[in-house]
Amino acid sequence: MAKDDYFKIVYAILTELYASMKSGEKLVPETICPERFGIHASYWMDILGEMKNEGHVRGVTFVSTKTGRYLVSGWQDSIQITAGGIEYLTENSMMKKMYQLAKEVRDWIPGY
């Protein structure tokens with residue numbers, strides 16, 4: 001995955017959290033770790049921070065120190081998707097937007 005695929009990473013994380021919630025099984029942390037996406041840990045924390053700020057996830061806590069920012073231990077057991085995150089998946093996903101755009105383009109093409 002390209003390092004700048006912010007929306008794809010957000011979508012993948014939310015999808016994993018939602019699947020975990022629906023199945024009632026614990027999240028496998030490796031499914032949403034920065035290594036899975038081929039990105040640096042600081043970028044991954046930026047993404048998680050934005051997801052928290054936007055109300056898509058809860059249970060993520062950061063601690064800022066003189067040497068940097070860290071996730072509070074145990075986040076793997078406490079991170080959850082919110083109703084806002086589920087709405088993002090169903091209503092505002094890039095995949096859905098791309099589908100709608102393709103449908104509009106198809107409507108513009110005569111005889112299609």
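Described below are features of the structure shown in this document. Remember, it's a predicted structure, so these values are computed and weren't measured experimentally.

Structural notes on the overall build of the protein
- The helix and strand tally for the protein stands at 6 helices and 4 strands.
- The burial tally for the protein puts 29% of its 112 residues in the buried class.
- Pairs at least 24 residues apart make up 57% of the contacts formed inside the protein by residues separated by at least 6 positions.
- Accessible area for the protein stands at about 7500 Å²; split by element, carbon and sulfur atoms hold 55% of it.

Some words on the pairing of strand β3 (residues 68-71)
- As paired elements, strand β2 (residues 62-65) and β3 share 4 bridges and run antiparallel to each other. Counted as the bridge partner of V63 is Y70 from β3.
- Counting the residues in the hairpin turn of β2 and β3 gives 2 residues.

Considering a nonpolar patch on the surface
- Together, L101, V105, W108 and I109 make up an exposed nonpolar region whose accessible area comes to about 410 Å².
- With respect to the helices and strands, I109 occurs in the segment after α6 (94-108).

Brief notes about helix α1 (residues 6-23)
- With 18 residues, α1 should reach 26 Å at 1.5 Å per residue; the first-to-last C-alpha distance of 26 Å fits that figure.
- Every buried residue of α1 is accounted for by I9, V10, A12, I13, L14, L17 and S20.
- For α1, the secondary structure elements touched by its buried residues are α2 (34-37), α3 (41-53), β1 (57-58), β4 (80-81) and α5 (83-91).
- At the exit of α1 stands G24, carrying a positive phi of roughly 80°.

Thoughts on the packing of α1 against α5
- Running from amino to carboxyl end, α1 crosses α5 at an angle of 120°, the nearest separation of the two axes being 10 Å. Between α1 and α5, the interaxial angle falls into the category oblique. In this structure, α1 crosses over α5, and the sense of that crossing is left-handed. Each of F7, V10, Y11, L14, T15, Y18 and M21 in α1 lies in contact with α5, whose residues at this interface are G85, I86, Y88 and L89.

Points about the pattern of salt bridges
- Counting across every chain of the model gives 2 salt bridges.
- When the shortest N-O distance is used, the salt bridge between R36 and E16 registers 3.5 Å. Remark: E16 occurs in helix α1 and R36 occurs in helix α2; sequence separation between them is 20 residues.
- R36 gets classed as partly exposed once you look at its relative accessible area, which sits at 42%.
- Between D77 and K26 there is a salt bridge, and its shortest N-O distance comes to 3.1 Å. A residue pair is termed long-range when its members are at least 10 positions apart, and D77 in helix α4 (residues 75-78) and K26 in the loop between α1 and α2 qualify at 51 residues. Accessibility classification places D77 together with K26 in one group, the exposed group.

Parameters at a glance
- Residues numbered from 1 in each chain as written.
- Predicted model: local features only at pLDDT ≥ 70, side-chain atom pairs only at ≥ 80, totals over all residues.
- Heavy atoms only, no water.
- Helix = DSSP H or I, 4+ residues; strand = E, 2+ residues; numbered from the N terminus.
- Buried < 20%, exposed > 50% of the residue type's maximum accessible area, 1.4 Å probe, protein only.
- Contact = heavy atoms within 4.5 Å.
- Areas by Shrake-Rupley, 256 points an atom, 1.4 Å probe, with all protein chains shown as cover.
- Pairing = 2+ DSSP bridges.
- Patch = residues over 30% accessible without salt bridge, like charges linked within 9 Å, V, L, I, M, F, W, Y side chains within 5 Å.
- Salt bridge = Lys/Arg side-chain N within 4 Å of Asp/Glu carboxyl O.
- Expected span 1.5 Å × (residues − 1).
- Axes fitted to C-alpha atoms, helices over the stretch in contact; angles between N-to-C directions.
- Parallel < 35°, antiparallel > 145°, perpendicular 65-115°, else oblique.
- Left-handed = near helix turned anticlockwise from the far one by under 90°.

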